[in-house]
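What the coordinates show
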Amino acid sequence: MRLEDQKREVPGDFDRVAPTYDLLTALNPGYHRHLRLSAARIGAAPAARILDLCCGTGASTEALLATYPRADVVGLDASTGMLEVARRKSVLRGVRFVHGDATDPAAAGVVGPFDAILMAYGIRNVPETDRCLGNLLRLLRPGGTIC
């Protein structure tokens, strides 16, 4: 099976591990610290509009909100299981979570412009990286940041 085809199966794989995913990431001592560092590196305004692409269970979303508590954050992920976990977290109430493909967020109803886009670890699972990045540029306001 080609790598691109394998990557198309990733959302289903994440659906299966979603209930225990946060337990697994907690075993990585640098995981949450790296997410907070990435969120801070965006350098957005306090009330920025931010897209959290491949948001998973919302760990990256939590890092964004800790750094930008007044931000309007939209989280997008292709795994319904991961989104179910994220939606249950009380700290993430008010975040709009969208089920969709990171390659084309607009197809899932995600509309820009965004001041910043964070894609923590998801880029490694996107089958069409160039297409994804090109579509992200269309969602970003001039001078915005992709991290």
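I will try to describe carefully the structure that is included in this document.

Criteria and thresholds
Residues numbered from 1 in each chain as written. Predicted model: local features only at pLDDT ≥ 70, side-chain atom pairs only at ≥ 80, totals over all residues. Heavy atoms only, no water. Pairing = 2+ DSSP bridges. Helix = DSSP H or I, 4+ residues; strand = E, 2+ residues; numbered from the N terminus. Right-handed = clockwise from strand over helix to strand, strands pointing away. Phe/Tyr/Trp six-rings, centres within 6.5 Å; stacked < 30°, edge-to-face > 60°. Lys NZ or Arg CZ within 6 Å of the ring centre and 35° of its normal. Expected span 1.5 Å × (residues − 1). Buried < 20%, exposed > 50% of the residue type's maximum accessible area, 1.4 Å probe, protein only. Arc of directions from axis to C-beta. Contact = heavy atoms within 4.5 Å. Polar contact = N/O pair within 3.5 Å; in protein donor to acceptor, adjacent residues only side chain to side chain. Salt bridge = Lys/Arg side-chain N within 4 Å of Asp/Glu carboxyl O. Core = buried A, V, L, I, M, F, W, Y, C linked by side-chain atoms within 4.5 Å.

1. Focus on the pairing of strand β3 (residues 96-99)
- In this structure, strand β2 (residues 72-77) lies alongside β3, joined through four bridges in parallel fashion. Residue pairing across strands places V74 opposite R96, the latter belonging to β3.
- What joins β2 to β3 is helix α5 (residues 80-87), and the crossover it makes is right-handed.

2. Section: the packing of aromatic side chains
- Taken as a whole, this structure holds one aromatic pair when the rule is applied.
- Judged by centre distance (5.3 Å) and plane angle (10°), the ring pair of Y31 and Y121 falls under stacked. Highlighted residues: Y31 in helix α3 (residues 31-42) and Y121 in the loop between β4 (114-118) and α6 (129-139), separated in sequence by 90 residues.
- Residue placement shows R49 over the ring face of F114; its charged tip is 4.1 Å from the ring centre.

3. Considering α3
- Over its twelve residues, α3 extends 17 Å from the first C-alpha to the last, a length consistent with the 16 Å expected when each residue adds 1.5 Å.
- Within the sequence span of α3, burial applies to Y31, L35, S38, A39 and I42. Looking straight down α3, one finds that the buried residues subtend no more than 100° of arc, so they occupy a single side.

4. Looking at unusual backbone geometry
- In this structure, the amide linkage connecting G112 to the following residue, P113, adopts the cis form with an omega of 5°.
- Of note, P113 is situated in the loop between β3 and β4.
- The phi angle at C54 is positive, at roughly 60°, despite the residue not being glycine.

5. Section: the environment of D115
- Structurally, D115 can be placed in strand β4.
- C-alpha separation for the pair D115 and R141, spaced 26 residues apart in sequence, amounts to 5.7 Å.
- The contacts of D115, once residues within four sequence positions are left out, are A48, R49, L140, R141, G144 and T145.
- For D115, the side chain forms a polar contact with the main-chain nitrogen of R49, separated by 2.7 Å.
- Only 2.6 Å separates the side chain of D115 from the side chain of R141, close enough to count as a polar contact.

6. Some details on the pattern of salt bridges
- If you walk through the whole model with that rule in mind, you get six salt bridges.
- E62 is the partner of K89 in a salt bridge, and the nearest nitrogen-oxygen pair spans 3.4 Å. Here the residue K89 occupies a position in the loop between α5 and β3, and E62 occupies one in helix α4 (residues 59-67), the gap between them amounting to 27 residues.
- The class for K89 is buried, based on a relative accessible area of 16%.
- Take E62: its relative accessible area is 30%, and that puts it in the partly exposed class.
- The salt bridge involving R131 is made with D104; its shortest N-O contact spans 3.8 Å.

7. Quick word on the nonpolar core
- Judged by nonpolar contacts, the single largest core of 26 residues is most densely connected at I42, I50, L64, Y68, V73 and F97.
- Put simply, the parts of the chain that give this core at least two residues each are α2 (10-26), α3, α4, α5 and β4.
- Apart from the residues within four sequence positions on either side, F97 is in contact with C55, T61, G75, L83, A86, R87 and L92.
- Core analysis: the next-biggest nonpolar cluster, separate from the first, contains 15 residues, L51, V74, A102 and V110 among them.

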